[in-house]
Amino acid sequence: MSEPPLHWGAEALWQQLLPLLPGLSVEVVERSSSTNTALLERARVVMRPEPDNADVLVQRSVESAAFGRRAADVQPCLLVAEHQTGGRGRQGRGWQSSPGASLTFSLSLPIERADWSGLSLAVGLALAEALDPDAGDTPPRIGLKWPNDLWLMDAPGVGRKLGGVLIETVAAGSKRLAVIGIGLNVKPLPAADVGTGFACLQELAADATPPAVLARVAQPLVQALRRFEAAGFPALAPAYARRDLLKGQAVRTTQSDVSEGTACGVDERGALQVQTAAGRVSVTSGEVSVRLDAAGSTR
(Lines give C-alpha, C1' and ligand atoms only; values in the text may rest on other atoms or scores of the structure.)
Protein backbone atom coordinates (compact mmCIF):
# COMPACT_ATOMS: atom_id res chain seq x y z
CA MET A 1 0.00 0.00 0.00
CA SER A 2 1.39 3.40 -0.97
CA GLU A 3 2.24 6.02 1.63
CA PRO A 4 -0.22 8.95 2.02
CA PRO A 5 1.01 12.25 0.56
CA LEU A 6 3.15 14.41 2.82
CA HIS A 7 1.93 17.87 3.77
CA TRP A 8 4.90 20.18 4.24
CA GLY A 9 3.32 23.51 5.13
CA ALA A 10 5.81 25.28 2.85
CA GLU A 11 4.00 28.62 2.96
CA ALA A 12 3.94 28.63 6.77
CA LEU A 13 7.66 27.80 6.84
CA TRP A 14 8.36 30.60 4.38
CA GLN A 15 6.44 33.13 6.46
CA GLN A 16 8.22 31.99 9.62
CA LEU A 17 11.73 32.16 8.15
CA LEU A 18 11.45 35.17 5.86
CA PRO A 19 12.17 37.75 8.61
CA LEU A 20 15.42 35.92 9.36
CA LEU A 21 16.34 35.34 5.70
CA PRO A 22 15.04 38.16 3.48
CA GLY A 23 14.59 37.01 -0.10
CA LEU A 24 14.07 33.37 0.97
CA SER A 25 12.24 30.84 -1.17
CA VAL A 26 10.95 27.49 0.09
CA GLU A 27 10.59 24.68 -2.42
CA VAL A 28 9.48 21.06 -2.08
CA VAL A 29 10.13 18.60 -4.89
CA GLU A 30 9.03 15.00 -5.18
CA ARG A 31 12.43 13.76 -6.30
CA SER A 32 15.96 15.11 -6.64
CA SER A 33 19.30 13.48 -7.22
CA SER A 34 20.88 15.83 -4.69
CA THR A 35 19.45 19.00 -3.19
CA ASN A 36 22.98 20.29 -2.56
CA THR A 37 23.93 19.78 -6.20
CA ALA A 38 20.73 21.49 -7.38
CA LEU A 39 21.44 24.61 -5.34
CA LEU A 40 25.13 24.68 -6.28
CA GLU A 41 24.22 24.51 -9.96
CA ARG A 42 21.76 27.38 -9.59
CA ALA A 43 24.41 29.57 -8.04
CA ARG A 44 26.81 28.87 -10.91
CA VAL A 45 24.44 30.11 -13.62
CA VAL A 46 26.27 32.80 -15.61
CA MET A 47 25.15 36.41 -15.85
CA ARG A 48 23.78 37.61 -19.17
CA PRO A 49 21.81 40.71 -20.16
CA GLU A 50 18.03 40.71 -20.35
CA PRO A 51 15.99 43.31 -22.23
CA ASP A 52 14.46 44.92 -19.14
CA ASN A 53 17.32 44.54 -16.70
CA ALA A 54 20.97 44.28 -17.67
CA ASP A 55 21.89 42.79 -14.30
CA VAL A 56 19.35 39.99 -14.00
CA LEU A 57 20.63 36.46 -13.43
CA VAL A 58 18.66 34.14 -15.71
CA GLN A 59 17.50 30.85 -14.21
CA ARG A 60 14.62 28.69 -15.35
CA SER A 61 13.44 26.39 -12.59
CA VAL A 62 11.34 23.41 -13.63
CA GLU A 63 11.38 21.73 -10.20
CA SER A 64 8.22 23.14 -8.62
CA ALA A 65 6.19 26.16 -7.81
CA ALA A 66 7.74 27.85 -4.81
CA PHE A 67 7.03 30.46 -2.18
CA GLY A 68 9.18 33.47 -2.92
CA ARG A 69 11.13 32.04 -5.87
CA ARG A 70 12.03 34.57 -8.55
CA ALA A 71 13.00 33.48 -12.04
CA ALA A 72 16.66 33.60 -11.08
CA ASP A 73 18.78 34.66 -8.14
CA VAL A 74 21.30 33.61 -5.52
CA GLN A 75 19.05 34.53 -2.61
CA PRO A 76 18.51 32.09 0.26
CA CYS A 77 16.62 28.92 -0.64
CA LEU A 78 15.32 26.00 1.38
CA LEU A 79 14.99 23.04 -0.99
CA VAL A 80 13.34 19.84 0.26
CA ALA A 81 13.28 16.54 -1.64
CA GLU A 82 10.77 13.91 -0.61
CA HIS A 83 13.07 11.34 -2.22
CA GLN A 84 16.74 12.06 -2.78
CA THR A 85 18.17 9.48 -5.17
CA GLY A 86 21.84 10.48 -5.22
CA GLY A 87 22.52 12.12 -1.88
CA ARG A 88 26.15 12.65 -0.92
CA GLY A 89 28.03 12.63 2.34
CA ARG A 90 31.57 13.74 3.06
CA GLN A 91 34.36 12.32 0.91
CA GLY A 92 31.80 11.64 -1.85
CA ARG A 93 30.05 8.87 0.07
CA GLY A 94 26.43 8.11 -0.80
CA TRP A 95 23.56 8.92 1.55
CA GLN A 96 20.80 6.31 1.49
CA SER A 97 17.21 7.51 1.76
CA SER A 98 13.77 6.12 1.15
CA PRO A 99 10.63 8.06 0.12
CA GLY A 100 8.80 9.25 3.22
CA ALA A 101 11.30 7.66 5.61
CA SER A 102 13.96 10.38 5.64
CA LEU A 103 14.14 14.15 5.77
CA THR A 104 16.54 15.45 3.11
CA PHE A 105 16.92 19.15 2.46
CA SER A 106 19.46 21.83 1.68
CA LEU A 107 19.61 25.47 2.70
CA SER A 108 21.65 27.92 0.65
CA LEU A 109 22.49 31.36 1.99
CA PRO A 110 25.31 33.88 2.00
CA ILE A 111 27.28 34.01 5.25
CA GLU A 112 29.00 37.34 5.79
CA ARG A 113 31.85 36.05 7.88
CA ALA A 114 35.51 35.63 6.97
CA ASP A 115 36.17 32.61 9.21
CA TRP A 116 33.76 29.71 8.71
CA SER A 117 35.66 27.37 11.05
CA GLY A 118 33.27 25.20 13.05
CA LEU A 119 30.26 25.81 10.79
CA SER A 120 29.40 22.11 10.40
CA LEU A 121 29.62 21.69 14.18
CA ALA A 122 27.30 24.66 14.70
CA VAL A 123 24.77 23.15 12.29
CA GLY A 124 24.88 19.74 13.96
CA LEU A 125 24.50 21.33 17.38
CA ALA A 126 21.47 23.36 16.26
CA LEU A 127 19.77 20.22 14.93
CA ALA A 128 20.56 18.20 18.05
CA GLU A 129 19.27 20.88 20.41
CA ALA A 130 16.06 21.31 18.40
CA LEU A 131 15.35 17.58 18.36
CA ASP A 132 16.65 16.76 21.83
CA PRO A 133 16.48 19.82 24.11
CA ASP A 134 18.93 20.01 27.01
CA ALA A 135 17.43 18.21 30.00
CA GLY A 136 19.79 19.42 32.71
CA ASP A 137 21.58 16.54 34.42
CA THR A 138 20.13 13.91 32.09
CA PRO A 139 22.64 12.87 29.42
CA PRO A 140 21.52 13.93 25.94
CA ARG A 141 20.05 11.26 23.67
CA ILE A 142 21.51 12.86 20.54
CA GLY A 143 25.29 13.05 20.42
CA LEU A 144 27.60 14.66 17.87
CA LYS A 145 30.46 12.91 16.11
CA TRP A 146 33.04 15.34 14.79
CA PRO A 147 32.71 16.91 12.33
CA ASN A 148 29.26 16.34 10.85
CA ASP A 149 27.26 13.36 12.17
CA LEU A 150 24.36 13.08 14.61
CA TRP A 151 24.07 9.91 16.67
CA LEU A 152 21.30 8.46 18.82
CA MET A 153 22.95 7.41 22.06
CA ASP A 154 21.77 4.12 23.60
CA ALA A 155 24.20 4.39 26.53
CA PRO A 156 27.38 6.35 27.27
CA GLY A 157 29.78 5.53 24.44
CA VAL A 158 27.23 3.39 22.57
CA GLY A 159 25.22 4.86 19.71
CA ARG A 160 23.92 4.63 16.16
CA LYS A 161 23.96 7.09 13.27
CA LEU A 162 20.86 9.26 13.01
CA GLY A 163 21.88 11.75 10.34
CA GLY A 164 24.56 13.92 8.85
CA VAL A 165 25.50 17.32 7.51
CA LEU A 166 27.31 18.21 4.28
CA ILE A 167 28.42 21.81 3.75
CA GLU A 168 29.65 23.04 0.39
CA THR A 169 30.46 26.54 -0.79
CA VAL A 170 30.29 28.38 -4.08
CA ALA A 171 31.27 31.86 -5.23
CA ALA A 172 28.35 33.76 -6.75
CA GLY A 173 29.60 37.11 -7.99
CA SER A 174 30.93 39.01 -4.99
CA LYS A 175 29.17 36.69 -2.52
CA ARG A 176 30.20 33.40 -1.01
CA LEU A 177 27.27 31.06 -0.50
CA ALA A 178 27.03 28.16 1.91
CA VAL A 179 24.95 25.21 0.77
CA ILE A 180 24.08 23.20 3.85
CA GLY A 181 22.75 19.71 3.15
CA ILE A 182 21.03 17.76 5.91
CA GLY A 183 19.83 14.16 5.99
CA LEU A 184 17.96 12.70 8.96
CA ASN A 185 16.55 9.20 9.34
CA VAL A 186 12.93 9.59 10.45
CA LYS A 187 11.31 6.15 10.08
CA PRO A 188 12.75 2.63 10.33
CA LEU A 189 13.92 1.01 7.12
CA PRO A 190 13.71 -2.72 6.32
CA ALA A 191 16.62 -4.58 7.89
CA ALA A 192 17.81 -5.66 4.45
CA ASP A 193 18.25 -2.01 3.42
CA VAL A 194 20.48 -0.88 6.28
CA GLY A 195 23.58 -2.12 8.00
CA THR A 196 24.32 -2.12 11.70
CA GLY A 197 24.29 1.20 13.48
CA PHE A 198 21.08 2.66 11.94
CA ALA A 199 18.91 4.93 14.12
CA CYS A 200 15.80 6.97 13.38
CA LEU A 201 13.84 9.77 15.03
CA GLN A 202 10.76 7.62 15.58
CA GLU A 203 12.77 5.98 18.35
CA LEU A 204 12.49 9.32 20.18
CA ALA A 205 9.00 10.26 19.01
CA ALA A 206 6.82 7.53 17.52
CA ASP A 207 4.72 10.02 15.54
CA ALA A 208 7.67 11.78 13.87
CA THR A 209 7.26 12.52 10.16
CA PRO A 210 9.61 14.32 7.75
CA PRO A 211 7.40 17.46 7.57
CA ALA A 212 7.05 17.62 11.36
CA VAL A 213 10.81 17.25 11.83
CA LEU A 214 11.49 20.01 9.29
CA ALA A 215 9.02 22.31 11.06
CA ARG A 216 10.84 21.62 14.32
CA VAL A 217 14.40 22.22 13.11
CA ALA A 218 14.10 24.92 10.42
CA GLN A 219 13.80 28.03 12.57
CA PRO A 220 16.39 26.97 15.21
CA LEU A 221 18.80 26.13 12.38
CA VAL A 222 18.45 29.54 10.74
CA GLN A 223 18.73 31.29 14.11
CA ALA A 224 21.93 29.34 14.84
CA LEU A 225 23.38 30.29 11.45
CA ARG A 226 22.71 33.96 12.16
CA ARG A 227 24.43 33.65 15.55
CA PHE A 228 27.37 31.89 13.91
CA GLU A 229 27.59 34.65 11.32
CA ALA A 230 27.83 37.23 14.11
CA ALA A 231 30.11 35.46 16.59
CA GLY A 232 31.54 32.27 15.08
CA PHE A 233 31.96 28.94 16.87
CA PRO A 234 33.66 29.96 20.19
CA ALA A 235 30.40 30.76 21.98
CA LEU A 236 29.00 27.36 20.95
CA ALA A 237 31.96 25.26 22.10
CA PRO A 238 30.63 24.53 25.65
CA ALA A 239 27.27 23.30 24.32
CA TYR A 240 29.03 21.17 21.71
CA ALA A 241 31.23 19.62 24.44
CA ARG A 242 28.13 18.29 26.22
CA ARG A 243 27.21 16.23 23.15
CA ASP A 244 30.73 15.36 21.97
CA LEU A 245 30.72 11.56 21.69
CA LEU A 246 34.38 11.30 20.64
CA LYS A 247 35.82 12.93 23.77
CA GLY A 248 37.91 10.43 25.71
CA GLN A 249 37.74 7.83 22.94
CA ALA A 250 40.73 6.20 21.26
CA VAL A 251 40.55 7.36 17.65
CA ARG A 252 42.25 6.90 14.31
CA THR A 253 42.35 9.72 11.76
CA THR A 254 43.30 10.14 8.12
CA GLN A 255 45.38 13.25 8.86
CA SER A 256 48.98 12.35 8.07
CA ASP A 257 50.48 13.59 11.35
CA VAL A 258 47.80 12.10 13.60
CA SER A 259 47.38 8.41 12.84
CA GLU A 260 45.94 7.58 16.28
CA GLY A 261 45.46 8.99 19.74
CA THR A 262 42.78 9.97 22.25
CA ALA A 263 40.17 12.58 21.37
CA CYS A 264 40.20 15.51 23.81
CA GLY A 265 37.31 17.64 22.59
CA VAL A 266 37.35 20.55 20.15
CA ASP A 267 38.97 23.96 20.32
CA GLU A 268 37.33 27.36 19.80
CA ARG A 269 37.64 27.04 16.03
CA GLY A 270 36.01 23.60 15.98
CA ALA A 271 39.20 21.62 15.35
CA LEU A 272 39.31 18.17 16.95
CA GLN A 273 42.00 17.86 19.61
CA VAL A 274 43.84 14.54 19.72
CA GLN A 275 46.38 13.57 22.33
CA THR A 276 49.13 11.49 20.72
CA ALA A 277 52.40 10.07 21.97
CA ALA A 278 54.09 13.22 20.61
CA GLY A 279 51.64 15.65 22.25
CA ARG A 280 48.30 17.25 21.50
CA VAL A 281 47.53 17.84 17.82
CA SER A 282 44.65 19.61 16.06
CA VAL A 283 42.71 17.74 13.37
CA THR A 284 40.97 20.08 10.95
CA SER A 285 39.94 17.78 8.12
CA GLY A 286 39.68 14.15 7.06
CA GLU A 287 37.95 11.19 8.67
CA VAL A 288 37.97 10.02 12.28
CA SER A 289 37.01 6.55 13.43
CA VAL A 290 36.97 4.56 16.64
CA ARG A 291 36.75 0.85 17.21
CA LEU A 292 33.46 -1.05 17.27
CA ASP A 293 31.73 -0.88 20.62
CA ALA A 294 30.26 -3.85 22.44
CA ALA A 295 26.89 -3.41 20.75
CA GLY A 296 28.42 -3.61 17.28
CA SER A 297 27.73 0.02 16.38
CA THR A 298 30.50 1.71 14.48
CA ARG A 299 31.50 5.28 14.98
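Attention here is on the structure that accompanies the text. Model, not experiment: these values are computed from the prediction.

Things to note about the pattern of salt bridges
Next up, step 1: A complete count under the given rule lists 9 salt bridges for this structure.
Next up, step 2: Taking the shortest distance from any N to any O, the salt bridge between Arg243 and Asp132 comes out at 2.9 Å. Note that Arg243 is positioned in helix H5 (residues 237–243) and Asp132 in the loop between helix H3 (119–131) and strand E6 (142–145), a separation of 111 residues in sequence. The two residues Arg243 and Asp132 agree in class, both being buried.
Next up, step 3: Residue Asp134 is joined to Arg242 by a salt bridge in which the shortest nitrogen-to-oxygen separation is 3.3 Å. Of the two residues, Asp134 is situated in the loop between H3 and E6 and Arg242 in helix H5; the sequence distance between them amounts to 108 residues.
Next up, step 4: Owing to a relative accessible area of 53%, Asp134 belongs among the exposed residues under this scheme.
Next up, step 5: One network of salt bridges, with partners in common, ties together Asp154, Arg160 and Glu203.

Details of the pairing of strand E7 (residues 149–155)
Next up, step 1: Extensive coverage of E7 is indicated by the burial of 5 of its 7 residues.
Next up, step 2: Of the pairings in the sheet, the one linking E6 to E7 comprises 4 bridges and is antiparallel in character. Residue pairing in the sheet places Lys145 in a bridge with Asp149 of E7.
Next up, step 3: A loop of 3 residues connects E6 with E7, the two strands running antiparallel in sequence.
Next up, step 4: Across 6 bridges, E7 lies against strand E8 (residues 158–172) in antiparallel orientation. Bridge pairing in E8 links Leu152 to Arg160.
Next up, step 5: With antiparallel pairing between neighbouring strands as the criterion, E7 and E8 make up a hairpin whose turn holds 2 residues, including Gly157 at a positive phi of roughly 80°.

Concerning the packing of H3 against helix H4 (residues 210–231)
Next up, step 1: Relative orientation of the contacting elements H3 and H4 amounts to 140°, with a least axis distance of 9 Å. Relative to H4, H3 is oriented oblique. Along this stretch, H3 crosses H4, giving a crossing that reads as right-handed. Where H3 abuts H4, its residues Leu119, Ala122, Val123, Ala126, Leu127, Ala130 and Leu131 lie against Val213, Arg216, Val217, Pro220, Leu221, Ala224, Leu225 and Phe228.
Next up, step 2: Of the residues in the contact of H3 with H4, the class split is 14 nonpolar, no polar and 1 charged.

What about the side chain of Asn185?
Next up, step 1: Note that Asn185 resides in strand E9 (residues 175–185).
Next up, step 2: Only 3.5 Å separates the side chain of Asn185 from the backbone oxygen of Lys161, close enough to count as a polar contact.

Examining the packing of aromatic side chains
Next up, step 1: Going through the model one piece at a time under the given rule, you end up with 1 aromatic pair.
Next up, step 2: The aromatic ring of Phe228 is capped on one face by Arg113, whose charged end is 5.9 Å from the ring centroid.
Next up, step 3: Over the ring of Trp116 we find Arg176, and its NZ or CZ is 3.8 Å from the ring centre.

As for the side chain of Glu27
Next up, step 1: If you trace the backbone, Glu27 turns up in strand E1 (residues 25–32).
Next up, step 2: In this structure the side chain of Glu27 is engaged in a polar contact, spanning 2.8 Å, whose partner is the side chain of Arg42.

Regarding the sheet that holds strand E10 (residues 250–253)
Next up, step 1: Taking strand neighbours across the sheet as the criterion, the 5 strands line up as E13-E12-E11-E10-E14 in an open arrangement whose pairing is antiparallel. Two strands lie at the open edges of the sheet, namely strand E13 (279–283) and strand E14 (288–289), each paired on one side alone.
Next up, step 2: Bridge count for strand E11 (residues 260–266) against strand E12 (residues 272–276) is 3 bridges, and the pairing is antiparallel. Looking at the pairing, Thr262 lines up with Gln275 of E12.

Observations concerning H4
Next up, step 1: Spanning 22 residues, H4 covers 31 Å between terminal C-alpha atoms, matching the ideal 32 Å at 1.5 Å per step.
Next up, step 2: The largest bend along H4 reaches roughly 30° and is located at Val217, with the proline Pro220 sitting one to four residues downstream.
Next up, step 3: Those residues of H4 lying buried are Pro210, Pro211, Val213, Leu214, Val217, Ala218, Leu221, Val222, Ala224, Leu225, Phe228 and Glu229.
Next up, step 4: Where H4 is buried, its residues contact helix H1 (10–17), strand E2 (77–84), strand E5 (102–110), H3 and E9.
Next up, step 5: Just beyond H4, the residue with positive phi is Gly232, at close to 75°.

With respect to the environment of Ser25
Next up, step 1: Tracing the chain through its elements places Ser25 in strand E1.
Next up, step 2: For the pair formed by Ser25 and Leu107, sequence separation is 82 residues and the distance between their alpha carbons is 9.9 Å.

Procedures and definitions
- Residues numbered from 1 in each chain as written.
- Predicted model: local features only at pLDDT ≥ 70, side-chain atom pairs only at ≥ 80, totals over all residues.
- Heavy atoms only, no water.
- Salt bridge = Lys/Arg side-chain N within 4 Å of Asp/Glu carboxyl O.
- Helix = DSSP H or I, 4+ residues; strand = E, 2+ residues; numbered from the N terminus.
- Buried < 20%, exposed > 50% of the residue type's maximum accessible area, 1.4 Å probe, protein only.
- Pairing = 2+ DSSP bridges.
- Axes fitted to C-alpha atoms, helices over the stretch in contact; angles between N-to-C directions.
- Parallel < 35°, antiparallel > 145°, perpendicular 65-115°, else oblique.
- Left-handed = near helix turned anticlockwise from the far one by under 90°.
- Contact = heavy atoms within 4.5 Å.
- Nonpolar A, V, L, I, M, F, W, Y, C, P; charged D, E, K, R; others polar.
- Polar contact = N/O pair within 3.5 Å; in protein donor to acceptor, adjacent residues only side chain to side chain.
- Phe/Tyr/Trp six-rings, centres within 6.5 Å; stacked < 30°, edge-to-face > 60°.
- Lys NZ or Arg CZ within 6 Å of the ring centre and 35° of its normal.
- Expected span 1.5 Å × (residues − 1).
- Bend = angle between axes of the 7 residues up to and from the residue.

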